[in-house]
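# Chains, contacts and geometry: an overview
Spelled out, the chains give:
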Amino acid sequence: MKQNGETNQRIARIAAHLNPPPNITHQIMESSSLRRENCRAKGGSPGFKVAILGAAGGIGQPLSLLMKMNPLVSVLHLYDVVNTPGVTSDISHMDTSAVVRGFLGQPQLEDALTGMDLVIIPAGVPRKPGMTRDDLFNINAGIVKTLSQGIAKCCPKAIVNVISNPVNSTVPIAAEIFKKAGTYDPSRLLGVTMLDVVRANTFVAEVLGLDPKEVNVPVVGGHAGVTILPLLSQIKPPINFTPKETEYLTSRIQNGGTEVVEAKAGTGSATLSMAYAAVKFADACLRGLRGDAGVIECAFISSQVTELPFFASRVRLGRNGIEEIYPLGPLNEYERAGLEMAKKELAGSIEKGVSFARK
Ligand SMILES: NC(=O)C1=CN([C@@H]2O[C@H](COP(=O)(O)OP(=O)(O)OC[C@H]3O[C@@H](n4cnc5c(N)ncnc54)[C@H](O)[C@@H]3O)[C@@H](O)[C@H]2O)C=CC1
Ligand SMILES: O=C([O-])CC(=O)C(=O)O
């Protein structure tokens, strides 16, 4: 009798898992935790706790996959307003050590954020052909505001990586929300401009016939059109470009996002290269948190490098997030003209974000 009872319970559990009723998140979570109770290993290798907000999206899914492969991650929380049960179930089968948990919808945001060391935000709508990043402001500003309020409440000490566009406005929005909550630490809030560096390295390597791994181009300013300012005069290894090469490369780097939006013809913007860039940047943040020396990347941050309150430049990452912000260094005439154009556009985008958040 006892054996039959146990068998029936086991069958009922399997049936519930194979044919879940409508309230799928709770069912999957319950059945997962039941099964976890029966496991000897509780999971959770030493490492950092990371949340991805917008984890079921075009960027979110490959980003979640790649973060699950990162040995520095011990716990990975996947949050979205749709589809996280499926994405979480799928990714949780990967035989890497990070423990994956899924969270669906606003009521689960706080659980998703509590205790996190790093929060990555790719939530929000992407561009379609003919749109600028600023055209996304009306929808994405509100999304970033809500998510930032959650971060201020549940993990105010976390490092925050903002991917959602327009980055030139969403980072100032997050800063204002954190200020309102009394939790703002400028060294922990970073707008992700890594894709501009990744593109710059790729396009330069293509022109010169080099391996992109050998190339490092600092890209400063912001993350939209002319605000993306590659400093080709400071490339490593040092290389002299002809005016024609400089013109071509600057324009291609500044319009890399649009190149992808047009090629995708209405189905979205860069997702795969962005997930790669986001993981490269998140990994740098985690190595900094671990205490590694010499972790230097470009990011859009609170800054005094120019007269603007936010600006992308090279930063050194450490145990407290940003530990040093490097000056722009010597610019050539072409870059000085570019800097003036970048600052003009950036000033408006920053102000737009600040006044939205202060309303
Ligand atoms: N910083 C950068 O270099 C780049 C930024 N982006 C930006 O990243 C954002 C996301 O792009 P994709 O992943 O392609 O878009 P997507 O539409 O494929 O995915 C966005 C995800 O966000 C989720 N979402 C919407 N509202 C949410 C909320 N309140 N809380 C949590 N999740 C929410 C959606 O359900 C969706 O799963 C866009 O704003 C895009 O412009 C894209 C490429 C590069
Ligand atoms: O162009 C877009 O809308 C997405 C983005 O920021 C990029 O690919 O750099």
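The present account deals with the structure reproduced in this document. (Residues numbered from 1 in each chain as written. Chains lettered and ligands numbered in written order. Predicted model: local features only at pLDDT ≥ 70, side-chain atom pairs only at ≥ 80, totals over all residues. Heavy atoms only, no water.)

As a packed pair, helix α8 (residues 194-208) and helix α9 (residues 243-254) sit with axes 9 Å apart at the nearest point and diverge in direction by 145°. Seen from above, α8 lies across α9 with right-handed handedness. Side by side, α8 and α9 meet where D196, A200, F203, V204, E206 and V207 of the first sit next to E245, Y248, L249, R252 and I253 of the second. For the contact of α8 with α9, the per-class residue count stands at seven nonpolar, no polar and four charged. (Axes fitted to C-alpha atoms, helices over the stretch in contact; angles between N-to-C directions. Helix = DSSP H or I, 4+ residues; strand = E, 2+ residues; numbered from the N terminus. Left-handed = near helix turned anticlockwise from the far one by under 90°. Contact = heavy atoms within 4.5 Å. Nonpolar A, V, L, I, M, F, W, Y, C, P; charged D, E, K, R; others polar.)

All right, on to the site of ligand 2 then. Contacts to ligand 2 come from R127, R133, N165, L195, R199, H223, G257, S269 and A270. R127 places a side-chain nitrogen or oxygen 2.6 Å from an oxygen atom of ligand 2. In isolation ligand 2 exposes 260 Å². Once the protein is present, 95% of that is buried. A breakdown of the residues in the shell around ligand 2 according to their chemical character gives two nonpolar, four polar and three charged. (Near = heavy atom within 4 Å. Polar contact = N/O pair within 3.5 Å; in protein donor to acceptor, adjacent residues only side chain to side chain. Areas by Shrake-Rupley, 256 points an atom, 1.4 Å probe, with all protein chains shown as cover.)

This part is about the packing of aromatic side chains. Aromatic ring pairs are defined here through the distance separating the ring centres and the angle between the ring planes. Going through the model one piece at a time under the given rule, you end up with two aromatic pairs. Aromatic pair F137 and F356: ring centres 5.6 Å apart, planes at 85°, arrangement edge-to-face. Placement of the pair is F137 in helix α6 (residues 137-154) and F356 in helix α12 (residues 333-358), with a sequence separation of 219 residues. Both residues of the pair, F137 and F356, belong to the buried class. Sitting above the plane of the Y326 ring, R314 keeps its charged end 5.2 Å from the centroid. (Phe/Tyr/Trp six-rings, centres within 6.5 Å; stacked < 30°, edge-to-face > 60°. Buried < 20%, exposed > 50% of the residue type's maximum accessible area, 1.4 Å probe, protein only. Lys NZ or Arg CZ within 6 Å of the ring centre and 35° of its normal.)

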